[in-house]
Amino acid sequence: MTKYGSFPGTRPRRLRTTPAMRRMVAETRLHPADFILPAFVREGVSEPVPISSMPGVVQHTRDSLKKAAVEALEAGVSGIMLFGVPEESKKDAVGTPGTDPDGILQVALRDVRAEVGDELLVMSDLCLDETTDHGHCGVLDDQGRVDNDATLERYAEMAQVQADAGAHVVGPSGMMDGQIGVIRDALDQIGREDVAILAYTVKYASAFFGPFREAVGSSLKGDRKTYQQDPPNIGDSMRELALDLEEGADMVMVKPAGPYLDILARVADVSDVPVVAYQISGEYAMVEAAAERGWIDRDKAIMEALTGIKRAGAQNILTYWATEVARGLR
C-alpha cells in the first residue's frame, strides 16, 4: 500500500523517546537548594522519639537536631524550619514557653545557629499552638474564642526572642489578621531589620494536618476553622496575599501544597516575592503508608509530587524528604 503525505505531521512523542531526550527537554527541574527541612525538637528527651504517623520522622533531641541540620547543609538544602515541643507541664494559656528565652525552641535556635552559622538558613515557626495548654494558635478571650489582637502582642514578643536566639527567618503560621505588619514592626524596633518574614499567607483548615498534631504534641480540642482558611475559597487566599505583601512579607507560603496546587499557581502568578509551598505531614504520611503496603513506588511518587509542586509555581518547598531528595539530586 502506497502511503501519501505524512500523518500525523506533528509527533510530540519524538521528544519522549529516551531518558536522555526527556531529561534534556524537561521544563521543570528540582535542585537541592529548592528545599527546606521542617524539624521538631522535643524538650526533656534523651533519644529521638519516632513519630508513629510519620514513618522516618522524629522529635529530635538537641544533639540529634544539630546532626540533622548539618546533614541538611551537606546535602545542599537551603534551610531548616524548627518547631519546638515543650514539656507538657510548661504549657499554659498564653504559651509562655514561646517567649521564654530558655524555651525549647529558642534553645534549639541557638544550638543550630552555633552549629551551621550562616551556611544554612535557620528558620523558626512563630506560633503559639505548640506552647498553649488549649492547643490554639493564639490567646483565648473569656468566651474561649481566639483573641486576634491579644495574640498579635504575643507574636511580637515571640519574633523578638526568636531573632535574639538566632533565627534568620521567622514563619508566622497562626493566621491572625495583621500578624505580618506587627511582627515587622517588632523586629525593626530592636534593630533586626535583617530578619526575614516567611508569611504563612495561605493556610487552609485541612484534614491533612493530622500527623502534625502528634509531631508537636498538640493539646488542641476542636478545630481552627475560625482563623485558618476554608478549603472551598480562592478569593480569600488572594486577599490574604495582598495584605501580607502590603504589610511587608519577604516570602509567602501556600500550605498544604499538593491539594492546593491551583491556589499555589494563582499566588505564584501575581506574587512579586518568592513563593514557598509546604508539603505537609498528611501528604508525607500518605505516600509512606501506601509505599509500605507496596501499592506505589515510593521514590517515584516522592519525586512526582515534588515536581508537581515546583511546576505549579513554588520556588522553595518545605518537605520532610528534603535531605533525602537533595542527596539524590547531587
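Residues numbered from 1 in each chain as written. Predicted model: local features only at pLDDT ≥ 70, side-chain atom pairs only at ≥ 80, totals over all residues. Heavy atoms only, no water.

**Student:** Mind laying out the packing of aromatic side chains, listing which residues take part and the relevant values?
**Tutor:** Applying the stated criterion to the full structure yields six aromatic pairs. Between tyrosine 204 and tyrosine 260, the aromatic rings sit 4.2 Å apart at their centres with planes inclined by 5°, giving stacked as the arrangement. Residue tyrosine 204 is located in the loop between β7 (196–203) and α6 (210–215), and its partner tyrosine 260 is located in the loop between β8 (251–255) and α8 (261–270); the two are separated by 56 residues in the primary sequence. Considered together, tyrosine 204 and tyrosine 260 belong to a single accessibility category, that of buried residues. Through a chain of ring-to-ring contacts, three or more aromatic side chains come together here, namely Phe40, Phe83, Tyr278, Tyr284, Tyr320 and Trp321. (Phe/Tyr/Trp six-rings, centres within 6.5 Å; stacked < 30°, edge-to-face > 60°. Helix = DSSP H or I, 4+ residues; strand = E, 2+ residues; numbered from the N terminus. Buried < 20%, exposed > 50% of the residue type's maximum accessible area, 1.4 Å probe, protein only.)

**Student:** I'd like a rundown of the environment of glycine 56, residues and numbers included.
**Tutor:** Mapped onto the elements, glycine 56 comes out in the loop between β2 (49–50) and β3 (58–60). Overall, the relative accessible area of 81% leaves glycine 56 in the exposed class. Taking the C-alpha atoms as reference, glycine 56 lies 27 Å from histidine 136; in sequence the two are 80 residues apart.

**Student:** Tell me about a positive patch on the surface, and name the residues and values.
**Tutor:** Together, Arg11, Arg13, Arg14 and Arg16 give the surface a local cluster of positive charge. As for its placement among the helices and strands, arginine 14 is situated in the segment before α1 (19–25). (Patch = residues over 30% accessible without salt bridge, like charges linked within 9 Å, V, L, I, M, F, W, Y side chains within 5 Å. Areas by Shrake-Rupley, 256 points an atom, 1.4 Å probe, with all protein chains shown as cover. Salt bridge = Lys/Arg side-chain N within 4 Å of Asp/Glu carboxyl O. Lys, Arg positive; Asp, Glu negative; His and termini not counted. Charge placed at Lys NZ, Arg CZ, Asp CG, Glu CD.)

**Student:** Please give an account of helix α4 (residues 148–165) that cites residues and values.
**Tutor:** With 18 residues, α4 extends 25 Å from end C-alpha to end C-alpha; this agrees with the ideal 26 Å at 1.5 Å per step. Where α4 is buried, its residues contact α3 (104–116), β5 (121–126), β6 (169–172) and α5 (179–189). The backbone nitrogen of aspartate 149 lies 3.3 Å from a side-chain oxygen of the residue at the head of α4, namely aspartate 147. (Expected span 1.5 Å × (residues − 1). Contact = heavy atoms within 4.5 Å. Polar contact = N/O pair within 3.5 Å; in protein donor to acceptor, adjacent residues only side chain to side chain.)

**Student:** Account for a nonpolar patch on the surface, naming residues and giving values.
**Tutor:** There is a patch of nonpolar side chains on the surface, built from Leu15, Met24 and Val25 and spanning about 280 Å² of accessible area. Within the secondary structure, methionine 24 sits in helix α1. With a relative accessible area of 60%, methionine 24 lands in the exposed category.

**Student:** Can you break down the packing of helix α9 (residues 281–292) against helix α10 (residues 298–311) residue by residue, with the values?
**Tutor:** In contact at an axis separation of 9 Å, α9 and α10 are set at 160° when each is read in the N-to-C sense. With respect to α10, the element α9 is oriented roughly antiparallel. In this structure, the crossing between α9 and α10 has a hand that is right-handed. When α9 is examined against α10, the residues Val287, Glu288 and Ala291 are found in contact with a partner set consisting of Arg298, Ala301 and Ile302. Of the residues belonging to the contact of α9 with α10, the class tally is four nonpolar, no polar and two charged. (Axes fitted to C-alpha atoms, helices over the stretch in contact; angles between N-to-C directions. Parallel < 35°, antiparallel > 145°, perpendicular 65-115°, else oblique. Left-handed = near helix turned anticlockwise from the far one by under 90°. Nonpolar A, V, L, I, M, F, W, Y, C, P; charged D, E, K, R; others polar.)

**Student:** Talk me through the pattern of salt bridges; I want residue IDs and the actual numbers.
**Tutor:** As enumerated under the stated definition, the model contains 16 salt bridges in all. Residues arginine 298 and aspartate 299 are paired through a salt bridge, measuring 3.0 Å at the closest nitrogen-oxygen approach. For aspartate 299, a relative accessible area of 47% corresponds to the partly exposed category. Between glutamate 324 and arginine 298 there is a salt bridge, with its nearest N and O atoms 2.8 Å apart. Of this pair, glutamate 324 sits in helix α11 (residues 322–329) while arginine 298 is found in helix α10, placing the two residues 26 residues apart along the sequence. Judged by relative accessible area, which is 37%, glutamate 324 ranks as partly exposed.

**Student:** A description of the side chain of lysine 255 should follow, citing residues and the corresponding values.
**Tutor:** Tracing the backbone shows lysine 255 in strand β8. Of the side chains with opposite charge, aspartate 125 lies nearest to the buried lysine 255, which makes no salt bridge, at 6.1 Å. Those residues within four positions of lysine 255 in sequence are excluded, and the remaining contacts are Tyr200, Val202, Lys203, Tyr204, Phe209, Tyr278 and Ile280.

**Student:** So what's going on with the pairing of strand β9 (residues 275–278)? Residues and values would help.
**Tutor:** Burial along β9 is two-sided: Val275 and Ala277 facing one way and Val276 and Tyr278 facing the other are all buried. Pairing between β8 and β9: three bridges, direction parallel. Of the residues in β9, the one forming a bridge with valine 254 is alanine 277. Of the crossover connections in this fold, the one passing from β8 over α8 to the parallel β9 is right-handed. Direction of pairing for β9 relative to strand β10 (residues 316–318): parallel, over a ladder of three bridges. Each bridged residue has a counterpart across the sheet, and for alanine 277 the counterpart in β10 is isoleucine 317. (Pairing = 2+ DSSP bridges. Right-handed = clockwise from strand over helix to strand, strands pointing away.)

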